[in-house]
Amino acid sequence: MTADPPQRAIFDESARYHRFLEYRAGDAIDPRRAARAVAAALAAARDGVHRPARIVVAFGRRLWSALAPDAVPSDLHDFETIRGVDGHVAPATQCDLWFWLQSDGEDENVARTLALHAALRDDFALSLEQPGFTYFASRDLIDFEDGTANPKDDEARTEAAVVPDGSGAGGSIVLVQRWVHDLDKFAALDVAAQEAVIGRTKADSIELEGDDMPPDSHVSRTDVKKDGVALKVYRRSAPYATLARHGLYFLAFARARERHQIQLERMFGVSGDGLHDRLIEFSRADTGSYLFAPGERALAEVIEGGRASGA
């Protein structure tokens, strides 16, 4: 276990409602003012609701480098647009500051979001607000179970999601993307064809085996090994839905950015083997950011610095 424990809410899977907030800073970042705003926002979000807060905060490379230059992971970079096969694109919409609020009721998330944003809006511009929810038994809106390959115990989750040593140890490299589904197009496939796209059975989420597993299924393209080691990540995605737009806010934590990047390149057909993930034929990404969720101690140091600068 690292000396700087990861943010606890990353691994709390009990919430049914989620709210994701992405912010951008101005061209010139004043570290003291930014730290003060983050400290005030977290304090405001935690006050006034008589239930324990479940909040994760993460930072883009530019902002975290200004706030904690000695705690920046060596492989933390901004998300860069991936131009895949057949016109499929994973766009870069890099944010500087990100919050993930979790709760058992949408009322709690709304109250915390309003308080948090009021403390931030003079210093950061909101670029995305996305509510999310748990859909039945952790299913995506395409009605397949999501996150079945997640690490199952604390040790495995830590190994997959937490930077083990060096600069940024105890934190996590985060990938966030909003995906927009074409549900009608996917629903037009029969169940066997849908299962071939995903690589798992629909009813009970069992992976296909042998010749039944297509090499371009979602499972095949994202289940990656390097030098015999599985490049696991820890997924915490949440569906969202209105009649006009519905899909998945993809959220994953990893010990190294490479794990995210390899999966994305394999999905979009730019990894060199001529294959792409068939799932991108039915869902498109319209945002993309890489972030760093610092460990509890590193985050506390930034927050305390913000409080001190505001005194």
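Parameters at a glance
Residues numbered from 1 in each chain as written. Predicted model: local features only at pLDDT ≥ 70, side-chain atom pairs only at ≥ 80, totals over all residues. Heavy atoms only, no water. Helix = DSSP H or I, 4+ residues; strand = E, 2+ residues; numbered from the N terminus. Rg over C-alpha atoms; globule rule 2.2 N^0.38 Å. Contact = heavy atoms within 4.5 Å. Areas by Shrake-Rupley, 256 points an atom, 1.4 Å probe, with all protein chains shown as cover. Lys, Arg positive; Asp, Glu negative; His and termini not counted. Charge placed at Lys NZ, Arg CZ, Asp CG, Glu CD. Buried < 20%, exposed > 50% of the residue type's maximum accessible area, 1.4 Å probe, protein only. Polar contact = N/O pair within 3.5 Å; in protein donor to acceptor, adjacent residues only side chain to side chain. Salt bridge = Lys/Arg side-chain N within 4 Å of Asp/Glu carboxyl O. pLDDT = per-residue confidence, 0-100. Phe/Tyr/Trp six-rings, centres within 6.5 Å; stacked < 30°, edge-to-face > 60°. Lys NZ or Arg CZ within 6 Å of the ring centre and 35° of its normal. Axes fitted to C-alpha atoms, helices over the stretch in contact; angles between N-to-C directions. Parallel < 35°, antiparallel > 145°, perpendicular 65-115°, else oblique. Nonpolar A, V, L, I, M, F, W, Y, C, P; charged D, E, K, R; others polar. Left-handed = near helix turned anticlockwise from the far one by under 90°.

## Observations regarding the overall build of the protein chain
Then, number 1: Broken down by element type, the protein chain carries nine helices and 14 strands.
Then, number 2: Relative to its length of 311 residues, the protein chain is compact, with a C-alpha radius of gyration of 19 Å against a globular reference of 19 Å.
Then, number 3: The dimensions of the protein chain, computed from C-alpha atoms along their principal axes, are 65 × 40 × 35 Å.
Then, number 4: Pairs at least 24 apart in sequence give 79% of the contacts found in the protein chain among residues at least 6 apart.
Then, number 5: Only carbon and sulfur atoms are counted for the fraction: they give 49% of the accessible area of the protein chain, which is about 13,900 Å².
Then, number 6: Separation of charge centres in the protein chain, based on 37 positive and 50 negative side chains, amounts to 4 Å.

## Points about the side chain of S220
Then, number 1: Inspection of the secondary structure puts S220 in helix α7 (residues 218–222).
Then, number 2: Residue classification places S220 among the buried residues on the basis of a relative accessible area of 17%.
Then, number 3: Of note is the side chain of S220, whose polar atom sits 2.7 Å from the backbone oxygen of P214.
Then, number 4: In contact with S220, not counting residues within four places along its chain, are M213, P214, P215 and R266.

## Overview of unusual backbone geometry
Then, number 1: Unusually for a residue other than glycine, D86 sits at a positive phi of about 55°.
Then, number 2: In this structure, D86 sits in the loop between β3 (82–83) and β4 (89–90).
Then, number 3: Its identity is not glycine, yet D143 carries a phi of approximately 75°, on the positive side.
Then, number 4: Structurally, D143 can be placed in the loop between β6 (125–133) and α4 (154–161).

## Concerning the pattern of salt bridges
Then, number 1: This model, assessed by the stated rule, comprises 19 salt bridges.
Then, number 2: Ionic pairing is found between R51 and E108, a salt bridge with its closest N-O pair at 3.5 Å. Of this pair, R51 sits in the loop between α1 (31–46) and β2 (54–59) while E108 sits in helix α3 (residues 106–120); the two residues are 57 residues apart in sequence, bridging distant segments of the chain.
Then, number 3: The class for R51 is partly exposed, based on a relative accessible area of 39%.
Then, number 4: One salt bridge connects D273 with R266, and the closest N-O pair in it is separated by 3.9 Å.
Then, number 5: Here D273 falls in the partly exposed class, since its relative accessible area comes to 40%.
Then, number 6: Through salt bridges that share partners, R19, E106 and E129 make up one connected network.

## With respect to the confidence of the model for the protein chain
Then, number 1: Mean pLDDT for the protein chain: 96, with 99% of residues reaching 70 or above.
Then, number 2: Put simply, helix α9 (residues 296–309) is where the protein chain has its lowest mean pLDDT, 92, and strand β14 (residues 289–293) is where it has its highest, 99.

## Quick word on the environment of G305
Then, number 1: Checked against the element boundaries, G305 lands in helix α9.
Then, number 2: In sequence terms G305 and R32 are 273 residues apart; their C-alpha atoms lie 7.6 Å from each other.

## A word on the packing of aromatic side chains
Aromatic ring pairs: the centre-centre distance and the angle between the two ring planes describe each pair.
Then, number 1: Using the criterion set out here, one finds 15 aromatic pairs in the structure.
Then, number 2: Look at F11 and Y234: their rings are 5.2 Å apart centre to centre, the planes differ by 35°, and that puts the pair in the tilted class. On the criterion of sequence distance, the pair formed by F11 in the segment before β1 (17–24) and Y234 in strand β10 (residues 234–235) is long-range, its members being 223 residues apart.
Then, number 3: Taking 6.2 Å as the distance between ring centres and 65° as the angle between the ring planes, the aromatic pair formed by F133 and Y135 counts as edge-to-face.
Then, number 4: Owing to a relative accessible area of 23%, F133 belongs among the partly exposed residues under this scheme.
Then, number 5: In textbook terms, an aromatic cluster arises when at least three aromatic residues are bridged by ring pairs, as seen for F20, W98, W100, Y249 and F253.
Then, number 6: In this structure, K185 packs its charged tip against the face of F282, placed 5.4 Å from the ring centre.

## Brief notes about the packing of α1 against α9
Then, number 1: In contact at an axis separation of 7 Å, α1 and α9 are set at 105° when each is read in the N-to-C sense. Of the possible angle classes, the one that applies to α1 and α9 is roughly perpendicular. The residues of α9 that touch α1, namely those facing R32, A35, R36, A39 and L42, are V302, I303, G306, R307 and S309.
Then, number 2: Looking at side-chain class alone, the contact of α1 with α9 contains five nonpolar, two polar and three charged residues.

## Concerning the packing of α1 against α3
Then, number 1: Viewed as axis vectors pointing N to C, α1 and α3 meet at an angle of 160°, and their least axial separation amounts to 8 Å. In terms of orientation, α1 and α3 fall into the roughly antiparallel class. In the crossing of α1 with α3, the sense of the turn from one axis to the other is right-handed. Where α1 approaches α3, its residues A37, V38, A40, A41, A44, A45 and R46 are matched on the opposing element by R112, A115, L116, A119 and L120.

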